[in-house]
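# Coordinate analysis (summary)
Each chain, letter by letter, is given below.
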Amino acid sequence: MNSTSPFRLIFSILLVVAGAVWAAQTSAALTKIVIMSAFGIVALAIIALEEKSPKQPDPTSLERQKKRLIYQGRAEAYEDVITPITDPILLIRNAKVAAANPAAKRFLGDHIIGEDVRVAIRHPAAADRLANPSAEHTGEPILLVGVGSADQRWELRIHALDDGLKLVQLSDQSSRYAAERMRTDFVANASHELRTPLAAIKGFVETLENPEAGRDNDTRARFLQIMYQEADRMQRLVEDLMSLSRIEAEKYQLPSEAVDLAKLVTDVKDVFLNGRNIKNQDFIISLPEQTSMIQGDYGQLSQLLHNLVSNAYKYGRKGSPVSVAVEPNRNNSMLRLSVTDQGDGISADHLPRLTERFYRVDKGRSKSIGGTGLGLAIVKHITERHGGRLEISSEIGLGTTVTVFLPAVKSDVT
């Protein structure tokens, strides 16, 4: 409610006093009362009209209020837009965080509202652009390393909006950078793995070109044997690379063939008993009584099991058996295929990286026994193509178990 102006209040008081003076000059008491009442009613009416009449607003104050409402309304409108976005989004004005979507609050914390944006995003590469209100922003990204965690890579973009607002967008590029690093490492590792045997073969060929070395039958035979081994190693590497490429190309094609997993294990055992000088007691299998069927690619699953059993014999203790077991899980939705050796075991530090291409726990030993460093990477990709899951557990001094869970054909598993 507006307050009465001093001028009108004084005028009303004077009006009442004038009425009282006039009434005093009248002899009749009733007439005095009527005159006093009339002047009083007029004074009260003037005051009432003053109370009801709107106060003229201050133009400067009104303009400020209008701008505040406009800014607030636009910020709220933008906030409604940025809320569903999964990337962290901030709205800043005068270098302070005016609004943030839920993704930004989860990443940077709820406390960032009203904070200096340089405190909310602590990174020297972005500080100048975030705090400078007059800077030109072309949308070019700023790479932020170490925000969130040391391994994360973020791209920060700043877009100018109306009325001094700026939209700050953070995009997580960690997976893209990781994939690029993996591709670079893969090319470098593959080149190194191929270059090493090629260099050995070339060196022995150059040696044999010497007439004196070539006439020595023992030297020539030894060199030719090494050259054959290096060429065989290079051939296995190329075959594994091509196999891995084919598996990745078919990654999103679900296999449709019905495969009896128990029969597959028996077939692989026969191959090892007949071709690798392994005794029956050194290959122990445990199979369920009922037929164990899965939907898969027989050739790829056979390759998967061959790789696991080969690794078990390579890295297990000499003369110790390898165990292969097939069993359904609790609700019969998956079949569990496990291969266990009795080797020296693998440290827990190495387990997360065993399926990386060319990763070796013991590089010298792996190369001496003919490993290419791609066996478990192939196993991982075959498992993923079949909609399965790979687990590796190991204990130092006791051995290692590699387990592959594969979806079972429900009608055949009880």
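Preceding block: the structure.
Quick summary incoming for the structure in this document. All residue numbers here refer to positions counted from 1 along the written sequence of the relevant chain. Where totals are concerned, whole chains, interfaces and linings use all residues; where local detail is concerned, this predicted model gives features only for residues with pLDDT of at least 70, and gives and counts side-chain atom pairs only at 80 or more. Water and hydrogen atoms were dropped before computing side-chain values, which therefore reflect all heavy atoms in the structure.

### Concerning the overall build of the chain
Selection rule: Think of it this way: any DSSP run of H or I at least four residues long counts as a helix, any run of E at least two long counts as a strand, and we number them from the N terminus. We call a residue buried when its accessible area falls under 20% of the maximum for its residue type, exposed when it is over 50%, and partly exposed in between, using a 1.4 Å probe and counting protein chains only. Only heavy atoms matter for contacts: two residues are in contact if any of them lie within 4.5 Å across the pair. In short, Shrake-Rupley with a 1.4 Å probe defines the accessible areas, and a residue's cover is counted only from the protein chains shown.
Secondary structure summary: the chain contains 13 helices and 12 strands in total. Looking at the chain as a whole, 36% of its 414 residues are labelled buried. In the chain, once contacts between residues fewer than 6 apart in sequence are set aside, the share between residues at least 24 apart is 58%. Carbon and sulfur atoms provide 55% of the accessible area of the chain, an area that totals close to 24,600 Å².

### A short note on the packing of helix α7 (residues 174-208) against helix α9 (residues 217-249)
The condition is simple: To obtain an axis, a line is fitted to C-alpha atoms, over the contacting stretch when the element is a helix, and the angle between two such axes runs from 0 to 180 degrees between their N-to-C directions. Working definition: roughly parallel below 35 degrees, roughly antiparallel above 145 degrees, roughly perpendicular at 65 to 115 degrees, and oblique for all remaining angles. Left-handed describes a crossing whose near helix is turned anticlockwise from the far helix by less than a right angle; the clockwise case is right-handed. Each residue is assigned to one of three groups, with Ala, Val, Leu, Ile, Met, Phe, Trp, Tyr, Cys and Pro labelled nonpolar, Asp, Glu, Lys and Arg labelled charged, and all others, Gly among them, labelled polar.
In contact at an axis separation of 9 Å, α7 and α9 are set at 160° when each is read in the N-to-C sense. Overall, the two elements α7 and α9 adopt an arrangement that is roughly antiparallel. Pair α7 / α9 crosses with left-handed handedness. Contact with α7, carried on its side by Phe186, Glu193, Leu194, Thr196, Pro197, Leu198, Ala200, Ile201, Phe204, Val205, Thr207 and Leu208, involves Arg220, Phe223, Leu224, Ile226, Met227, Glu230, Ala231, Arg233, Met234, Leu237, Val238 and Leu241 of α9 and no other residues of that element. By residue class, the composition of the contact of α7 with α9 is 18 nonpolar, 2 polar and 4 charged.

### Some thoughts on the sheet that holds strand β2 (residues 96-100)
Where we set the bar: We call two strands paired when DSSP finds no fewer than two bridges between them.
One open sheet accounts for 5 strands, arranged β2-β1-β5-β4-β3; its pairing is antiparallel. This sheet does not close on itself; its edge strands, each paired only once, are β2 and β3 (142-145). With direction set aside, neighbouring strand axes in the sheet form an average angle of 30°. By the bridge criterion, 4 bridges tie strand β1 (residues 89-93) to strand β5 (residues 166-172) in an arrangement that is antiparallel. By the bridge assignment for β5, Leu91 is matched with Leu167. Sitting on the sheet, α7 is in contact with β3, β4 (153-160) and β5, with an inclination near 135° to β4.

### What about the pattern of salt bridges?
Where charged atoms from two side chains of opposite charge come close, those side chains can pair. Worth spelling out the cut-off: We define a salt bridge as a contact between a side-chain nitrogen of Lys or Arg and a carboxyl oxygen of Asp or Glu at a distance within 4 Å.
Tallying each qualifying case throughout the model produces 11 salt bridges. Ionic pairing is found between Arg233 and Glu230, a salt bridge with its closest N-O pair at 3.5 Å. Of this pair, Arg233 and Glu230 both sit in helix α9, 3 residues apart, which is roughly one turn of the helix. Residue Glu230 is classed as buried on the basis of its relative accessible area, which comes to 18%.

### Describing the nonpolar core
Counted only if it meets this: Only buried residues count toward a nonpolar core. Its members are Ala, Val, Leu, Ile, Met, Phe, Trp, Tyr and Cys residues joined through side-chain atoms within 4.5 Å.
If you look at the biggest cluster of nonpolar residues, it comprises 41 residues, and the most contacted ones within it are Leu305, Leu308, Val324, Leu337 and Val339. For this core, the secondary-structure elements that each account for two or more residues are α9, α10 (261-275), α11 (298-315), β9 (322-328), β10 (334-340), α13 (375-385) and β12 (399-407). If you tally residues by element for this core, the top one is α11, at 6 residues. Val324 has contacts with Val265, Phe283, Ile284, Ile285, Ser286, Leu305, Val309, Leu337, Ser338 and Val339, leaving out every residue within four places of it along the chain.

### Some thoughts on α9
Rules: Expected span, for any helix, means 1.5 Å times one less than how many residues it has.
The end-to-end C-alpha distance of α9 is 48 Å, a good match for the 48 Å that 33 residues give at a rise of 1.5 Å each. Residues Thr219, Phe223, Met227, Glu230, Arg233, Met234, Leu237, Asp240, Leu241, Ser243, Leu244 and Ile247 constitute the buried set of α9.

### Structural notes on the packing of aromatic side chains
Note the threshold: A pair of aromatic rings is counted whenever rings of Phe, Tyr or Trp (Trp by its six-membered ring) have centres within 6.5 Å, and the orientation is called stacked for planes under 30 degrees apart, edge-to-face for over 60 and tilted otherwise.
Here the structure, examined in full by the defined rule, presents 5 aromatic pairs. Here the aromatic rings of Phe107 and Trp154 are separated by 4.5 Å at their centres, their planes lie at 35°, and the arrangement is tilted. Of this pair, Phe107 sits in helix α4 (residues 102-108) while Trp154 sits in strand β4, and the two are 47 residues apart along the sequence. Of the residues examined, Trp154 reaches a relative accessible area of 6% and is grouped as buried. A connected cluster of aromatic rings, assembled from ring pairs, spans Phe272, Phe283 and Tyr313.

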